[in-house]
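Next come the chains, spelled out residue by residue.
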Amino acid sequence: MDNDPAALVPQVYSVADLTAYIRAVLESNENLANVWVSGEISNLSRPSSGHIYFTLKDASASLRCVIWREQARYLSAALRDGMAVEAHGAVSVYEQGGQYQLYVDGLRAAGEGLLYQEFLRLKAKLEAEGLFDEERKRPLPRLPKTIGVVTSATGAAFQDILNTLRARCPLVEVVLAPVPVQGESAPTLITAAIEALNYSVKPDVIIIGRGGGSLEDLWAFNDERVVRAVAASRVPVISGVGHETDFTLTDFAADVRAPTPTGAAVLAVPDIADLRTELRSIMVQLLQLTQAGIDERRYELSEEAHRLESHSPRWQVRQGMQRLDDLSLRLTSAIKTHLRTETARLASFGASLKALDPHNVLRRGYALVRDESGAVAASILQVKLGQNVNILLHDGAFDASVKEIKK
Amino acid sequence: MAETSASAQDLSYEQALGELETLLSSLEGESKDLEGTMAMFERGKALIARCQELLEKADLKVKQLTADGEVIELEEQD
């Protein structure tokens, strides 16, 4: 504006120019650009544009206020006429109406955040419906094959989940249902993604997650539609939203709540090191049980020997006993040698298992003799002169006939 | 090896592990002749080898569900 003292005729401004000047003065004032005002809400109006208008009053003055739609969608349900609030924003001018007003970007009830009040209201409502009941929680599969992930394709949360799964258990397959994790469309799309995974992918478990943020940022995970979709999922859901200290209603509805997206991935799969340990223990059990089976067979042989003793001449019995002892001793020592070797090998897991092959006994020059019925002839008492037998060596078998029996 | 069982090479990790558990409890239970025991030992070894192979080769597969409900390879993201 021209402040020249030499001007003789006062300058006349248009309304628009003056209003623009007043607006510029107000907007250049730092105190007015960042201010908290307390008062009571009146004349609350919510037109279809999505913006919210109201007047903030106290006993002696009133102030027009606007909340633009972007902020309004977090707050609309909780605002009521007569409510005492503290509003934060900047003062500026609505030029067409010739009004100065507060452009609100934050709002809290005296003492408590409005958004938090809305959170508590919805939590109480869904809790009363039983959506968060412990009995609804399902156990997670021990070793899932497919994991559905509902999060942003570009977010750090997804990378955290992938890195964790890759390190812990790369056996699984991940199917990402990409969604925006904040913004107006987020609740609808997150809801649809949970339903689509249930319907078309049918994974063994679903992880729903996003990184940390303010209550506003995480608000999509407090949306009633999202919370209901999580509760209704036929596939168990692990939530990993925000940080350790963030709780969303999605967390309450999920079967398991993890503190972070990384934590959710940890809960979803076993550690590959544990799987290896489990395999080792299975290997040891297999060896022990096989050994026990062989020992049992050996015991049966000596039982037969006892029966033989009561029916045969003493020398024959002794011969038979010796032969049995010899055979079972060879069998046992062969297996025990392998067990020892293999147990040592297991200590450095990953070594080839081929050497464990019991056919190695044959490779060392022993032969397995079977009669025509395929039964093993472990004693000369089981073959007759002229009988056809099959001799199994490590690299093949041949047929032979018994020419002579020596006792 | 039982003729009815699938080749260990065709089994998934869970399938092989499941069969191993059954096999161990069977070995633990009724007594078998030497050949039966050996056959189970062989089968168990093949199953363990299969599990080990899957653990060694495991490489996380990542796919994406499209808006049309199709599962496709994940598009590269920056």
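Up top you'll find the structure we're talking about.
Please read all numbers here as calculations on a predicted model, not as lab measurements.

## Structural notes on the environment of Leu267 of chain A
All names here are of chain A.
So, step 1. Tracing the backbone through its elements, the reader meets Leu267 in helix H9 (residues 261–268).
So, step 2. The partly exposed category is assigned to Leu267, around which 17 C-beta atoms lie within 10 Å.
So, step 3. Those residues within four positions of Leu267 in sequence are excluded, and the remaining contacts are Leu140, Ile238, Val256 and Ala258.

## Re the nonpolar core
So, step 1. Val149, Val150, Ile206, Ile207, Val230 and Ile238 of chain A are the most contacted members of the largest nonpolar core, which totals 48 residues.
So, step 2. Here this core takes five residues from helix H7 (residues 224–232) of chain A, the largest share from any one element.
So, step 3. Val149 of chain A has contacts with Phe158, Ile161, Val174, Leu176, Ala177 and Ile207 of chain A, leaving out every residue within four places of it along the chain.
So, step 4. One finds Leu275 and Met283 of chain A together with Leu27 and Met40 of chain B within the second-largest nonpolar core, a separate group that totals 18 residues.

## As for the packing of helix H5 (residues 156–168) of chain A against H9 of chain A
Residue and element names in this part refer to chain A.
So, step 1. The geometry of H5 relative to H9 is characterised by a closest axis approach of 8 Å and an angle of 30° between their N-to-C directions. By the angle between their axes, H5 is roughly parallel relative to H9. Like other packed secondary-structure pairs, H5 and H9 cross with a definite hand, here right-handed. Touching Ala157, Asp160, Ile161, Thr164, Leu165 and Arg168 of H5 are Pro261, Thr262, Ala264, Ala265 and Val266, all from H9.
So, step 2. When its residues are assigned to classes, the contact of H5 with H9 shows seven nonpolar, two polar and two charged.

## Some points on the sheet that holds strand E13 (residues 388–393) of chain A
Residues and elements named next belong to chain A.
So, step 1. Spatially, E12-E13-E14 is the arrangement adopted by the three strands of the open sheet, whose pairing is antiparallel. Only two strands of the sheet have a single partner each, and these edge strands are strand E12 (368–370) and strand E14 (396–401). Across the sheet, the axes of successive neighbouring strands diverge by a mean angle of 25°, strand direction being ignored.
So, step 2. The pairing of E13 with E14 spans six bridges and is antiparallel. Along E14, the bridge assignment pairs Leu393 with Gly396.

## Details of the pairing of strand E5 (residues 99–109) of chain A
Residue and element names in this part refer to chain A.
So, step 1. Looking at chain direction, strand E3 (residues 62–67) and E5 are connected through four bridges and run parallel. Considered in E5, the bridge of Val66 is made with Tyr103.
So, step 2. Pairing geometry for strand E4 (residues 84–94) and E5, over ten bridges, is antiparallel. Residue Val91 lies in a different strand from E5, and its bridge partner there is Leu102.
So, step 3. What sits between the antiparallel neighbours E4 and E5 is a turn of four residues, in which Gly98 has the positive phi angle 60°.

## A few points about the packing of helix H1 (residues 13–28) of chain B against helix H2 (residues 34–57) of chain B
Pairs of packed helices are described in terms of their axes, by the angle between the two and the distance that separates them.
Residue and element names in this part refer to chain B.
So, step 1. At their nearest, the axes of H1 and H2 sit 9 Å apart, and the two run at 150° to each other. As summarised for this structure, H1 and H2 are arranged roughly antiparallel, according to the angle between their axes. H2 is crossed by H1, and the crossing has left-handed handedness. Contact residues: Tyr13, Ala16, Leu17, Glu19, Leu20, Leu23, Ser26 and Leu27 in H1; Met40, Arg43, Gly44, Leu47, Ile48, Arg50, Cys51 and Leu54 in H2.
So, step 2. Class assignment for the residues of the contact of H1 with H2 results in eleven nonpolar, two polar and three charged.

Reading guide: rules and limits
- Residues numbered from 1 in each chain as written.
- Chains lettered and ligands numbered in written order.
- Predicted model: local features only at pLDDT ≥ 70, side-chain atom pairs only at ≥ 80, totals over all residues.
- Helix = DSSP H or I, 4+ residues; strand = E, 2+ residues; numbered from the N terminus.
- Buried ≥ 20, exposed ≤ 12 C-beta atoms within 10 Å, placed from the backbone.
- Contact = placed C-beta atoms within 7 Å.
- Core = buried A, V, L, I, M, F, W, Y, C linked by C-beta atoms within 7 Å.
- Axes fitted to C-alpha atoms, helices over the stretch in contact; angles between N-to-C directions.
- Parallel < 35°, antiparallel > 145°, perpendicular 65-115°, else oblique.
- Left-handed = near helix turned anticlockwise from the far one by under 90°.
- Nonpolar A, V, L, I, M, F, W, Y, C, P; charged D, E, K, R; others polar.
- Pairing = 2+ DSSP bridges.

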